[in-house]
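Coordinate analysis (summary)
So you can see what is in the structure, the chains are spelled out below.
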Amino acid sequence: MSYSSVQITRFAVFSAICVALNVGLNKLAAVLQLPVFMDTVGTILSGALVPPGFSVAVGVVSNLIGGVVTHPAIPFYIGTQVVVALMSIAAFRFGWFHRLWSALLMGLAIGIVSAVVSAPITVLAFGGITEPGATAINGILLAAGHDIWTAVVSGTLIVSSVDKVIAAGLVWLMLKRLPDRLKRES
Amino acid sequence: MTATPVVRIFPVTVAIVIAVTFVAMWVLKSQLSLTIFTGFLILILIGSQRNSGNLMAGRLLKWTIPFVVPLIVIHGILNATFPISLWLWDAVPLRFDGLRFGYIMSVRVVLLSTVAGFLVSILRDDFVESLIRLRLPSWIVLFLMQSTAMAGVIQRRVSSVYLAQRSRGIPVGSGFFSRVKSVPSILLPVVIGTFLEAEGRVPALVSQGFGIVKPRPLPRPKIRKSEWLFCGLPVLAFVIAIVADHVI
């Protein structure tokens, strides 16, 4: 599909805001002392606002910029962002963000899949260390005698599920409040 | 992209650092030689900063400590899959294999953080110019630059809306569930305001010919001899580490 220069500029600007939400919302998690990342809100939201290619780019660029702004470990999780973007695009296409319960279920599904994708990176690249909440769970499970893979998958599943359910709920709320003209289908 | 280095760090310098680091991670066999390489890279990075050497050192500590301390504690003491080698005061089990594993991982984290330190030392103008010089479509440059600029704007807005909501009496600081419930009251004003503002920016950009006129190629930056020599320092660090690898 070809887009006019106005549309491309609009998608580029909106995608940039989605990236900024991914990178900037960890500040919100920090000021409210919430044990979640909030780093996929923009990626999920982009599924409703920009075409699929831009949405995937939002995920990739978020982690590249996050690697410079927030922590150098973040770019290693680009694959996770791509998976989140693809699942959100499918979810919007099938209308799963029209109702709160289906949006939350979708958040749970995204959380489970992204935990499975993230766990190998956490184990192989960082020896099981990740964000503090998940690291604490991993440490407890390792001390209990579980192997590193079981510990990391379990810890990441718990934290990632909570994180993505919250993110999906927030995106549902944002879509309710955002004017229809800003959404792609309008 | 905030520090002001003594030697101007160009994107080409960082590309050399990244390439050398990846080769080093593959080629260097002993952990000691990788540690030597990392140490030299840290010295080069901090030495290149003008007045912000302490700032860069602080940033490196901020990036690495949350990884290094748990790596040592979890694998060296807690991880029951490693055998206990020694009891400290008959209370704390020390696992030497776990400590070794934690050390190996820690060196990698420190090395990655150092490379990121070089990245943040690139001046913003140099970064944009190198993107334009790559002949990327202007909307990609816009996307990348707006993303970097807006991330800071969103963080500042979150802080100010948080303070505004607190001053209005909305409970944003008490128990866990009330904090979760207060997220929309902070997030929605930030997100909706930012998107509406961006919507207004699009016609302004297009009316200036954005996306229609092809970007003009920029002249190559003048890199001084000292800056080229600086590019050679990471390679020198790698050569020293290789020698150490063979000697050890």
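See above for the structure.
Definitions and cut-offs
Residues numbered from 1 in each chain as written. Chains lettered and ligands numbered in written order. Predicted model: local features only at pLDDT ≥ 70, side-chain atom pairs only at ≥ 80, totals over all residues. Heavy atoms only, no water. Helix = DSSP H or I, 4+ residues; strand = E, 2+ residues; numbered from the N terminus. Rg over C-alpha atoms; globule rule 2.2 N^0.38 Å. Areas by Shrake-Rupley, 256 points an atom, 1.4 Å probe, with all protein chains shown as cover. Salt bridge = Lys/Arg side-chain N within 4 Å of Asp/Glu carboxyl O. Buried < 20%, exposed > 50% of the residue type's maximum accessible area, 1.4 Å probe, protein only. Contact = heavy atoms within 4.5 Å. Buried area = accessible area lost by both parts, 1.4 Å probe. Polar contact = N/O pair within 3.5 Å; in protein donor to acceptor, adjacent residues only side chain to side chain. Nonpolar A, V, L, I, M, F, W, Y, C, P; charged D, E, K, R; others polar.

**Examining the overall build of chain B**
Within chain B, the secondary structure is distributed over eight helices and two strands. If you list the helices and strands of chain B from N to C, you get α-α-α-β-β-α-α-α-α-α. Taking 18 Å as the expected radius of gyration for a compact globule of 248 residues, we find that chain B reaches 24 Å, considerably beyond that expectation. Overall, the C-alpha framework of chain B stretches about 70 × 60 × 30 Å when taken along its three principal axes. If you sum the accessible surface of chain B, you get close to 13200 Å²; carbon and sulfur atoms cover 68% of it.

**Regarding the pattern of salt bridges**
Residue and element names in this part refer to chain A. Enumeration over the complete set of coordinates arrives at three salt bridges over all chains. Between Asp163 and Lys164 there is a salt bridge, with its nearest N and O atoms 3.1 Å apart. Using a relative accessible area of 1% as the deciding quantity, one classes Asp163 as buried.

**Quick notes on the interface of chain B and chain A**
Every contact between the two is made by 59 residues of chain B and, on the other side, 63 residues of chain A. With both chains or domains summed, chain B and chain A bury close to 5200 Å², and 83% of this area falls on carbon and sulfur atoms. Considering only the side of chain B, the residues that lose the most area to chain A are Phe67, Phe143 and Phe195 of chain B, jointly responsible for 14% of the buried surface there. The tally of links from chain B across to chain A stands at three residue pairs in polar contact (both at pLDDT 80 or more). For the side of chain B that touches chain A, the secondary-structure elements that each account for two or more residues are α3 (53-78), α4 (96-120), α6 (138-167) and α7 (176-207) of chain B. Top element by residues in the side of chain B that touches chain A is α7 of chain B. It accounts for 20 residues. Per-class residue counts for the side of chain B that touches chain A are 43 nonpolar, twelve polar and four charged.

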